[in-house]
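Each chain, written out:
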Amino acid sequence: MKKNIIMLLFVGIFCMQITGCAMAADELIHGTETVLQGSDGYREFTGEDVHSPLIVFPDKEIESISEEFYYEFRDEIFSPVCQIYLKKEYNMDEFSKEIERLAAEQLSYAGQTNQLYFDKDNFSSEAYVALADWSDRYEYAIIMEDASTILYVYLENMTRDDLHMDETYLPAYFQDNNQSESTEESMAAEHRSFYAFKIGSQYVDCMDLVNTESV
């Protein structure tokens, strides 16, 4: 009887150890997860883990009629996974000002000046694009003229199955994480990153040139 009890205890402890190791391994591979959402989510958002200055995203203090926000970040062992979704409905004056801001954004370096790429072909509506499948990152703002609404999106190493937003808001050239296809047929290299400049034969990220005070 005692031997059976000892054996059961041994098996129980062994199973607990296996479970603990499996959980630890899963956390190591998939990382910890941070989720922020709700009406005040964007105001609380810091962007410190995001691999972009998020130039398309608006100032946190800008007035809006309504706002939807979702932020998810997973610090996975191989590469971070992130998605940001911000949908803001504006009054006509603020809506016009936001479009003017997006159209006027510029970044200069080494005699080159970048602007956000105005894309009329690859989205459900007209969009301003900062990152177009640049190192598995996407960043853009979709203009919904009829609703005075702008949808701001940032995706990094994302797959369709994990998206919080509707797939209709993805660009036509979106590829799941680590797919071999490229956006080159849809967009020339100079338009694929607002933050990159051609130095010699290579494009170099210069994100540190962007003022990030608003996000």
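Above this text sits the structure in question.
Computed from a predicted structure; not experimentally measured.

> Sorry, what's going on with the overall build of the chain here?
A count of helices and strands for the chain gives three helices and 11 strands. When the elements of the chain are put in sequence order from the N terminus, they spell out α-β-α-β-β-α-β-β-β-β-β-β-β-β. Across the 215 residues that make up the chain, the buried fraction comes to 42%. Sequence separation of at least 24 residues holds for 62% of the intrachain contacts in the chain that already meet a minimum separation of 6. Taken as a whole, the chain presents about 12200 Å² of accessible surface, with 50% of it coming from carbon and sulfur.

> What is the right way to look at a nonpolar patch on the surface in this model?
Taken together, the side chains of Tyr 109, Ile 199, Val 204 and Leu 209 make up a nonpolar region of the molecular surface, amounting to roughly 320 Å² of accessible area. With respect to the helices, strands and loops of the structure, Tyr 109 is situated in strand E4 (residues 106-109).

> Would you take a moment to explain the packing of aromatic side chains for this structure?
How two aromatic rings sit relative to each other is set out by the distance from centre to centre and by the angle between their planes. Applying the stated criterion to the full structure yields 14 aromatic pairs. Summarising the aromatic geometry, the rings of Tyr 42 and Phe 45 are spaced 6.4 Å apart at their centres and angled 20° between planes, so their arrangement reads as stacked. Both residues of the pair, Tyr 42 and Phe 45, count as buried. A ring pair is formed by Tyr 138 and Phe 174, whose centres lie 4.9 Å apart and whose planes are at 45°; its orientation type is tilted. Here Tyr 138 is found in strand E8 (residues 137-144), whereas its partner Phe 174 is found in the loop between strand E9 (149-156) and strand E10 (196-199), with 36 residues between them in sequence. In this pair, the class of Tyr 138 matches that of Phe 174, namely buried. Ring pairs connect the aromatic residues Tyr 42, Phe 45, Phe 57, Phe 69, Tyr 71 and Tyr 152, which therefore count as one cluster.

Rules and cut-offs
- Throughout this description, residue numbers start from 1 for each chain and increase along the sequence as written.
- Predicted model: local features are reported for residues with pLDDT of at least 70 only, side-chain atom pairs are reported and counted for 80 or more only, and whole-chain, interface and lining totals are derived from all residues.
- The basis for every side-chain value is the complete set of heavy atoms in the structure, and neither hydrogens nor water enter the calculation.
- Numbering of helices and strands runs from the N terminus, with a helix taken as a DSSP run of H or I at least four residues long and a strand as a DSSP run of E at least two residues long.
- Exposure categories follow from relative accessible area, calculated using a 1.4 Å probe and restricted to protein chains: below 20% of the type maximum is buried, above 50% is exposed, and the middle band is partly exposed.
- Contact definition: two residues touch when any of their heavy atoms are within 4.5 Å.
- Shrake-Rupley sampling with a 1.4 Å probe provides the accessible areas, and residues are treated as covered by the protein chains on show and by no other component.
- Put simply, a patch holds well-exposed residues, over 30% relative accessible area, that have no salt bridge, with like charges counted together within 9 Å and Val, Leu, Ile, Met, Phe, Trp or Tyr side chains within 5 Å.
- For this document, the term salt bridge refers to a Lys or Arg side-chain nitrogen within 4 Å of an Asp or Glu carboxyl oxygen.
- Any two rings among Phe, Tyr and Trp, with Trp reduced to its six-membered ring, count as a pair given centres within 6.5 Å; such a pair is stacked if its planes are under 30 degrees apart, edge-to-face if over 60, and tilted if neither.

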